[in-house]
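Single-letter residue listing:
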Amino acid sequence: MEIVTARLTLRSARPDDLEGMHAVLSDPRATRWWSTPPHDSLDQTAAWLDSMIANGPDHPDFVIERHGVVIGKAGFWRLPDVGYILHPDHWGQGLASEAVGAAIDHVFATRDVDDLTADVDPDNAASIRLLERLGFLKTGFAERTWNVGGAWKNSFYYGLSRADWSARLQT
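In what follows, the accompanying structure is described. Throughout this description, residue numbers start from 1 for each chain and increase along the sequence as written. Per-residue local features are limited, in this predicted model, to residues with pLDDT of at least 70; the limit for side-chain atom pairs, both in listing and counting, is 80 or more; totals at the level of whole chains, interfaces and linings are taken over all residues. Excluded from the side-chain calculations are hydrogens and water; all other atoms, namely the structure's heavy atoms, are used.

### Concerning the pattern of salt bridges
No. 1: Salt bridge, as applied in this entry: a Lys or Arg side-chain nitrogen positioned within 4 Å of an Asp or Glu carboxyl oxygen. This model, assessed by the stated rule, comprises nine salt bridges.
No. 2: The shortest N-O distance in the salt bridge between D16 and R14 comes to 2.9 Å.
No. 3: Assessed through its relative accessible area of 56%, D16 is described here as exposed.
No. 4: A 1.4 Å probe rolled over the protein chains alone gives each residue an accessible area, and that area as a share of the maximum for its type sets the label: buried under 20%, exposed over 50%, partly exposed in between. For R14, a relative accessible area of 37% puts it in the partly exposed group.
No. 5: Measuring nitrogen to oxygen at the nearest pair gives 2.9 Å for the salt bridge that ties D81 to R78.
No. 6: Overall, the relative accessible area of 46% leaves R78 in the partly exposed class.
No. 7: Linked by salt bridges that have partners in common, R11, R14, D16, D17 and E65 make up one network.

### Looking at helix α2 (residues 42-54)
No. 1: The numbering of helices and of strands both runs from the N terminus, where a helix is a DSSP run of H or I of at least 4 residues and a strand a run of E of at least 2. Expected helix span is taken as 1.5 Å per residue step, with the number of steps being one fewer than the number of residues. Here α2 is 13 residues long and its end C-alpha atoms lie 18 Å apart, about the 18 Å a rise of 1.5 Å per residue gives.
No. 2: If you check which residues of α2 are buried, you get T45, W48, L49 and M52. Taken end-on, α2 shows its buried residues confined to a sector of 95°, consistent with a single buried face. Opposite the packed face of α2, turned more than 90 degrees from it, sit the exposed residues D43 and A54.
No. 3: Residue contacts are counted whenever heavy atoms from the two residues lie within 4.5 Å of one another. Packing partners of the buried residues in α2 comprise α1 (18-25), β3 (61-66) and β4 (69-78).
No. 4: Residue G56 follows α2 closely and has a positive phi angle near 95°. Regarding the arc, it is the one traced by the directions from the helix axis to the C-beta atoms.

### Section: the packing of helix α3 (residues 95-110) against helix α5 (residues 162-170)
No. 1: The contact between α3 and α5 brings their axes to 11 Å, and the two run at 120°. Taken together, α3 and α5 sit at an angle that is classed as oblique. Here α3 runs over α5; the crossing is left-handed. Packed against α3, whose contacting residues are G101, I104, D105 and F108, the element α5 presents R162, W165 and L169 at the interface.
No. 2: As a working rule, the residues Ala, Val, Leu, Ile, Met, Phe, Trp, Tyr, Cys and Pro are called nonpolar, Asp, Glu, Lys and Arg charged, and the rest polar, with Gly in that last group. Residue composition of the contact of α3 with α5, grouped by class: four nonpolar, one polar and two charged. For every element, the axis is a line fit to its C-alpha atoms; helices are fit only across the contacting stretch, and the angle between N-to-C directions ranges from 0 to 180 degrees. Orientation categories follow fixed angle ranges, with anything under 35 degrees roughly parallel, anything over 145 roughly antiparallel, 65 to 115 roughly perpendicular, and all other angles oblique. Handedness of a crossing is defined here by the sense of rotation of the near helix relative to the far one, left-handed for an anticlockwise turn of less than a right angle and right-handed for a clockwise turn.

In structure tokens form, the structure reads like this:
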């Protein structure tokens, strides 16, 4: 599976993505809001990548490439939950929004799902802005939802309906 946007290629994960994804998942800036601490070893990233590959080529969770270099991932590790991570060298350019928007388009075009969800740390202002730009609406809050490296994190929950996504595209 491959999706091409104006600046990116989203595609199914492959074993040769190990170095690129490790560069992302081992960077403490990138993983500050991730569900795990930075990866300590290539073996840890290999296990993560293997699980992504094991979902199969039709699973809507994608590695993001820019100019042939892996810079992150975006998609649905488990429908309807969207997730994304981008190497900090590529922040602030609208690339995450471009990638997540393409993944949403793909899911609504190919899956029988009417509502998507997102779970974001309330302190992650950039991710909240991204979700809201894409039309997600806040649906809830919960305390102590993720224990990441011994620290409890809270969650804002967001939702996006197929109808709202379609209406957004028509305006």
